[in-house]
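# A look at the structure
Given next are the chains, with one letter for each unit.
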There are 2 protein chains.
Amino acid sequence: MLKNMPDLSHGDDVAAVNSLRSAVMRLSRRLKHQRVDESLSPTEMSVLGTLSLCGSATPGELARKEHVQPPSMTRIVALLESKGLVRLEPHPEDRRQKVVSRTERAEVMLEESRRKRNAFLASLVENLDEDEWAKLRAAAPVLEKLAHL
Amino acid sequence: MLKNMPDLSHGDDVAAVNSLRSAVMRLSRRLKHQRVDESLSPTEMSVLGTLSLCGSATPGELARKEHVQPPSMTRIVALLESKGLVRLEPHPEDRRQKVVSRTERAEVMLEESRRKRNAFLASLVENLDEDEWAKLRAAAPVLEKLAHL
DNA sequence: CATGTTCTTTAGCATAACTCATTACCCTCG
DNA sequence: CGAGGGTAATGAGTTATGCTAAAGAACATG
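Since the model is a prediction, treat every value here as computed from it, not as a measurement. (Residues numbered from 1 in each chain as written. Chains lettered and ligands numbered in written order. Predicted model: local features only at pLDDT ≥ 70, side-chain atom pairs only at ≥ 80, totals over all residues. Heavy atoms only, no water.)

### A word on the overall build of chain A
- In terms of regular secondary structure, chain A is built from six helices and three strands.
- In chain A, the succession of helices and strands from N to C terminus is α-α-β-α-α-β-β-α-α.
- In summary, chain A has a C-alpha radius of gyration of 19 Å against a globular reference of 15 Å for 149 residues, an excess of more than 25%.
- Across its three principal directions, the C-alpha atoms of chain A cover 55 × 40 × 20 Å.
- Taking all 149 residues of chain A together, the buried fraction comes to 43%.
- When contacts within chain A are restricted to residue pairs at least 6 apart in sequence, long-range pairs at least 24 apart make up 52% of them.
- Within chain A, the 22 negative side-chain charges are centred at a point lying 6 Å from the centre of the 24 positive side-chain charges. (Helix = DSSP H or I, 4+ residues; strand = E, 2+ residues; numbered from the N terminus. Rg over C-alpha atoms; globule rule 2.2 N^0.38 Å. Buried < 20%, exposed > 50% of the residue type's maximum accessible area, 1.4 Å probe, protein only. Contact = heavy atoms within 4.5 Å. Lys, Arg positive; Asp, Glu negative; His and termini not counted. Charge placed at Lys NZ, Arg CZ, Asp CG, Glu CD.)

### Looking at the relation of the copies chain A and chain B
- Take chain A, turn it by 177°, move it 0.5 Å along the axis, and it overlays chain B with an RMSD of 0.9 Å. Here the two chains are linked by the operation of a two-fold rotation axis.
- Both copies share a contact surface, since 98% of the interface residues of chain A are interface residues in chain B too. (Least-squares fit on C-alpha atoms with pLDDT ≥ 70 in both.)

### Some thoughts on the protein's contact with DNA strand D
- By nearness alone, 21 residues border DNA strand D, and T43(A), S72(A), R75(A), G60(B) and K98(B) come closest of all.
- When the atoms of DNA strand D within 4 Å of the protein are sorted by group, sugar and phosphate make up 66%.
- Take S72(A): an N or O atom from its side chain is 2.5 Å from a phosphate oxygen of DNA strand D.
- Between R75(A) and DNA strand D, the recorded distance is 2.7 Å, taken from a side-chain N or O atom to a base oxygen.
- Of all the secondary structure elements, the ones that give two or more residues to the surface near DNA strand D are α4 (70–82) of chain A together with α3 (59–66) and α4 (70–82) of chain B.
- A per-element tally of the surface near DNA strand D places α4(A) first, with four residues.
- Class assignment for the residues of the surface near DNA strand D results in six nonpolar, eight polar and seven charged. (Near = heavy atom within 4 Å. Polar contact = N/O pair within 3.5 Å; in protein donor to acceptor, adjacent residues only side chain to side chain. Nonpolar A, V, L, I, M, F, W, Y, C, P; charged D, E, K, R; others polar.)

### Comments concerning the sheet that holds strand β2 (residues 86–90) of chain B
All names here are of chain B.
- Taken together, the three strands give an open sheet; going across it, the order is β1-β3-β2, and neighbouring strands pair in antiparallel fashion. Single-partner strands in this sheet number two, and they are β1 (56–57) and β2.
- Of the pairings in the sheet, the one linking β2 to strand β3 (residues 98–102) comprises five bridges and is antiparallel in character. Looking at the pairing, V86 lines up with R102 of β3.
- The sheet contacts of α4 involve β2 and β3, and relative to β2 the element is tilted by about 115°. (Pairing = 2+ DSSP bridges. Axes fitted to C-alpha atoms, helices over the stretch in contact; angles between N-to-C directions.)

### Overview of the pattern of salt bridges
- For the structure on display, the rule yields eight salt bridges over all chains.
- Between E132(B) and K145(A) there is a salt bridge, with the nearest N and O atoms lying 3.1 Å from each other. With E132(B) in helix α6 (residues 130–148) and K145(A) in helix α6 (residues 130–148), the pair connects residues from two separate chains.
- Across the pair R96(B) and D94(B) runs a salt bridge whose closest N-O atoms are separated by 2.6 Å. (Salt bridge = Lys/Arg side-chain N within 4 Å of Asp/Glu carboxyl O.)

Listed below in C-alpha cells is the structure:
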C-alpha cells in the first residue's frame, strides 16, 4: 500500500496541497449557491445524489457517507419523504433498519440540478484554454477518488 | 478570449464537469471538519483568509466576497474583534463605513489552520500513486484559477 | 433466554445564517 | 443651504440545520 507513494516533503508538493485545499473550499462555496430548488438544503441534495449512485441505502449508511450523525439523517430522510423525493421501505433482513430509495421526482430534480451546476462550472471553464482544461479533466477522477477515501 | 476554448458539448467533458463538481463538494465537506479552532466557524475562518489576501476591507465588501448578507458580516466581524483577530477602524473618507483588518494573532492562527488542513489532505493524498498525484498537482493551479474567476 | 450491541428515532439544544426594520451618514437637486 | 433618496452598518427576531443524550426495537451470542 505504501509503494509509489508521493513524497510530500518536497516544497512543490506542500504548495500544491495548499492550493488544492483553498481552491476546493472556494469552489465549493460558489457551487453551493447554485441551487436548483431553494427549498432543498445542500445536504439534502447530496443525499439524493448519493442515492442516485447507490440506488438505495439505509439511513445509517447515508449518515456515514454524508459525514452526518444518524439523528440528523433521520430528519433529512423524513423531510425528503414528505416532499415525495424518497421512498422508505422496511429492510428485508433486519427489521431495525429501513431502506431509503429515490423516487422518479427526485431523479428529475437531480437532473435539473446537475444541469444548473454544471452550467455554472462550465461557464467558469470557458475561461480556460485547452491545455488547462485537459489537466483538469485528467485530475477529475483522482479528485473523486480522494473525496471518497 | 474565446480562442482555444474547450468544447463542452462532448460527453466526456460533461462527465468531467459532473465529477469535478461532486468531488469538490464532497472534499470541501470533509475539509470543513478540519478546524484548528472549534470556536471559529468556517465562514469566520474564510473571512480571515480573505483579509489575509486583501489586507483590509469594509464589512460590506467582506459580505459580498463571502456571499453573506451584511447583518451576518456585522456579527462575524464583531465576534472576530472580540477574539482579537481583527481590528476595526473608521473609514478615512466615509464615516458610514468601517475598515476591517487582521491582527498578528489572526495570521498565526491562519498559519496553524493551513498546516492542519494540509496535513489532512496530505494524509488522503498518501493513498494515491505517483501518477495520480502528478495529475492532481498539475491541475491544482488550474483549480485555483477557476475558484478565483 | 438473558444480556449486550446495533439501528433508528425522539427530545432538547446550539449555532449561524436569514429578513425586516432602524440609525447614521453621504450626495444631489431644487 | 436643506430636503430627499440612496447606501452602510447594525439590532431584533426567525429559521435552518446540525449536534448530543437517551430511549425503544430488533438482532446476536453466551
